[in-house]
Amino acid sequence: MPTSFSASPLPASRTEPDGSAVIRVLSYNIRSMRDDTAALARVISACSPDLVLVQEAPRFFRWRKKLARLAAASGLVVLSGGATAAGPALLCSLRATVERTEDVLLPLTPGEHRRGFATAAVRFGGARLGVLSCHLSLRNDERLEQSGLLLDRLAGLGTPHAVAGGDLNETPAGPGFRRLAGALQDGWATRPWGGEHTWTFAGPERRIDAVFATPGVEVLGCGVPLGLPGVTGTDLRAATDHLPVLAALRVPSS
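Residues numbered from 1 in each chain as written. Predicted model: local features only at pLDDT ≥ 70, side-chain atom pairs only at ≥ 80, totals over all residues. Heavy atoms only, no water.

1. Comments concerning the sheet that holds strand β10 (residues 185–186)
Spatially, six strands are ordered β6-β7-β8-β9-β11-β10 in an open sheet, and the strand pairing comes out mixed. Bordering the open sheet on either side are β6 (97–105) and β10, each of which pairs with just one other strand. The pairing of strand β7 (residues 116–124) with strand β8 (residues 127–135) spans eight bridges and is antiparallel. Residue pairing across strands places A121 opposite G130, the latter belonging to β8. In the packing of helix α3 (residues 140–156) onto the sheet, contacts are made with β6, β7, β8 and β9 (162–167), and the angle to β7 comes to roughly 30°. (Pairing = 2+ DSSP bridges. Helix = DSSP H or I, 4+ residues; strand = E, 2+ residues; numbered from the N terminus. Contact = heavy atoms within 4.5 Å. Axes fitted to C-alpha atoms, helices over the stretch in contact; angles between N-to-C directions.)

2. Here we look at empty space enclosed by the protein
Within this structure, the stated rule accounts for one cavity of 30 Å³ or more. Roughly 50 Å³ of internal volume is contained in the largest cavity. Tallying contributions element by element places strand β11 (residues 209–213) first for the lining of the largest cavity, with three residues. Of the residues contributing to the lining of the largest cavity, the split by class is six nonpolar, three polar and four charged. (1 Å grid on protein atoms, 1.4 Å probe; cavity = no way out; pocket = protein on both sides within 12 Å on 5 of 7 lines; lining within 4 Å. Points joined across faces, edges and corners; volume = space filled by probe spheres on them. Nonpolar A, V, L, I, M, F, W, Y, C, P; charged D, E, K, R; others polar.)

3. Re the pairing of β7
Extensive coverage of β7 is indicated by the burial of eight of its nine residues. Looking at chain direction, β6 and β7 are connected through eight bridges and run antiparallel. Bridge assignment links D103 to a residue of β7, and that residue is A118. If you look at the hairpin formed by β7 and β8, you'll find two residues sitting between the two strands, and G125 has a positive phi there, around 65°. (Buried < 20%, exposed > 50% of the residue type's maximum accessible area, 1.4 Å probe, protein only.)

4. Things to note about a positive patch on the surface
Together, R62, K65, K66 and R69 make up a region of like positive charge exposed at the surface. Among the structural elements, K66 can be located in helix α2 (residues 63–73). Residue class for K66 comes out partly exposed when judged on its relative accessible area of 37%. (Patch = residues over 30% accessible without salt bridge, like charges linked within 9 Å, V, L, I, M, F, W, Y side chains within 5 Å. Areas by Shrake-Rupley, 256 points an atom, 1.4 Å probe, with all protein chains shown as cover. Salt bridge = Lys/Arg side-chain N within 4 Å of Asp/Glu carboxyl O. Lys, Arg positive; Asp, Glu negative; His and termini not counted. Charge placed at Lys NZ, Arg CZ, Asp CG, Glu CD.)

5. As for α2
By the burial criterion, the buried members of α2 are W63, L67, L70 and A71. Looking straight down α2, one finds that the buried residues subtend no more than 100° of arc, so they occupy a single side. Exposed side chains of α2 directed beyond 90 degrees from the buried face belong to R69, A72 and A73. Check the buried side of α2 and you find it contacts α1 (37–47), β4 (77–81) and β5 (89–92). G75 sits one or two residues past α2 and shows a positive phi near 75°. (Arc of directions from axis to C-beta.)

Right under this line is the structure:
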């Protein structure tokens, strides 16, 4: 398990006097809930997220019920996605006011796994925010194309600010990751907090999961929530084969 980069507290969710909203966004590949779902729910709950950007949500038999049970066990509700987005999903707290949702299926490359985006437009008080969860391809060329489609989809959400996150299947040196980081704020690179590496079980340790925000959103801290009260190494290892990325963001009032 990697060591913590910073032990400084991550800001809690709140509404500021100027109408801006401080929110917590968690991105997490949950491996279709094939592991210890109680540990998974404990990790999510301890992060106190307003939004959870899920990858590899259940997609087959009773997938809606499984995702709803995870949300309920974590004190959240299902916002969108799952099988209808080919795996990505969104969960949210009751603090969020939902304007609309849309599940997007991406072009299919023959012989490859179908990919998609789970998207939504939400409000936290006076702050409007577009949200997107993704799980990009294992193929280099397809992954680069999908990163461009992600940017197009974010721009098309019609919100003044947006956040995207997911399993990118490549490190920050990869072309798709670089494309996203060139247009958006990479949370860890902007304001590192917690741990960096999100893939530690197969080695070598590397960062292939990320949370991005559009310019104008203030990144208050972002990283793997190592040392966060209630998040244990035992639960992180038992919950799934990825480590989650937690970000605290200040979203301006719209």
